[in-house]
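So the chains spell out like this:
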Amino acid sequence: VKCFFGLTMTNSMHQFPWHILRQKGFTLVELMIGMLIFSIWLTGILALLHSTIRNSWYSRHEIQASNILREQVELVKNIRNSNVRSFLPFDRLYAEWVLTVDSFSWVFVVENDYRSSNLAIAADGNILSSPVYIREISANFPTTLEDRFQKTRLYLDSHGRYTHTPTATGTVYASYIQMEPLNVPGVWVLTRDGKVQWYQITAHVIVQDRVYQEYDLRTIITDWKK
């Protein structure tokens, strides 16, 4: 019996298909290599997808910032044009904000004033109300982008319109403009009849997206009637 079983076991061992084990082991190595290649491919796809989404966000912010910048410049031009049509100095703002050549630069926030649809002028020529609201914030204006963002942040009102008045809906955008007399080499400011006739307007938009980024748009306004 022992001999029989021994022969049987011996014969079974000789007849066992060892090449199958060797083939399965080789298949396992192939599987591991395949998984490694797939992991590298998947990592590349995810990195590409993340980059695409990120670039899409950047593009969205840049387009929106560009629209806000143009709006800021157009609002300043609207003030200038309204003044000229009303036979006022083209750089006249509200009575309490008088631009003087002694000041090198002024900082303002400007927006549409939906509460006032008409331009109202007092008997002395001062502007009482205007469809464009402008407010000077030159005093103690912050130097860092983060502080400037907090000071000039844009919010959404109940109608989804941008405003500098704080509401429950804050945006990732902030905007302000800088105004200064136009300087040329050899001449401090360009004037006519002792009055400044050219101003350089720089609109700024700050975007808060993990980091703070600032976009600028610069133009020059003058008394087009002259």
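Starting afresh in each chain, residues are numbered from 1 along the sequence in its written order. pLDDT decides what is reported in this predicted model: residues at 70 or higher carry local features, side-chain atom pairs at 80 or more are listed and counted, and totals for whole chains, interfaces and linings draw on all residues regardless. Only heavy atoms go into the side-chain values, all of them from the structure, while hydrogens and water stay out.

Draft legend 1. Summary view of the overall build of the protein chain. Within the protein chain, the regular secondary structure consists of three helices and 11 strands. Secondary structure counts use DSSP, requiring at least four H or I residues in a row for a helix and at least two E residues in a row for a strand, with both numbered from the N terminus. Reading the protein chain from its N end, one meets helices and strands in the order α-α-β-β-β-β-α-β-β-β-β-β-β-β. Per-residue burial over the protein chain gives 31% buried out of 226 residues. Residue contacts are counted whenever heavy atoms from the two residues lie within 4.5 Å of one another. Long-range contacts, defined here as pairs at least 24 residues apart, represent 57% of the contacts in the protein chain between residues at least 6 apart. Accessible surface computed for the protein chain: about 14700 Å², of which carbon and sulfur atoms make up 60%. Only protein chains enter the accessibility calculation, which uses a 1.4 Å probe; a residue whose area is less than 20% of its type maximum is buried, one above 50% is exposed, and one in between is partly exposed. To be clear on the numbers: accessible area is Shrake-Rupley with a 1.4 Å probe, and residue cover counts the displayed protein chains and nothing else.

Draft legend 2. The arrangement of unusual backbone geometry in detail. Unlike most non-glycine residues, Asn140 shows phi in positive territory, near 55°. When you line up the elements, Asn140 lands in the loop between β4 (132–136) and α3 (145–152). One non-glycine residue, Arg210, lies in the positive phi region at around 70°. Counting through the fold element by element, Arg210 comes out in the loop between β10 (198–209) and β11 (211–222). By relative accessible area, Arg210 is classed as exposed at 72%.

Draft legend 3. Molecular detail of the side chain of His61. Residue position: His61 is located in helix α2 (residues 18–85). A relative accessible area of 5% places His61 in the buried class. A 3.5 Å cut-off defines polar contacts: any pair of N or O atoms within that distance qualifies, except that in protein one atom must be a possible hydrogen donor and the other a possible acceptor, and neighbouring residues in sequence count only when both atoms are side-chain atoms. There is a polar contact of 3.1 Å between the side chain of His61 and the side chain of Tyr173. Not counting residues within four places of it along the chain, the set of residues in contact with His61 comprises Val172, Tyr173, Val207 and Asp209.

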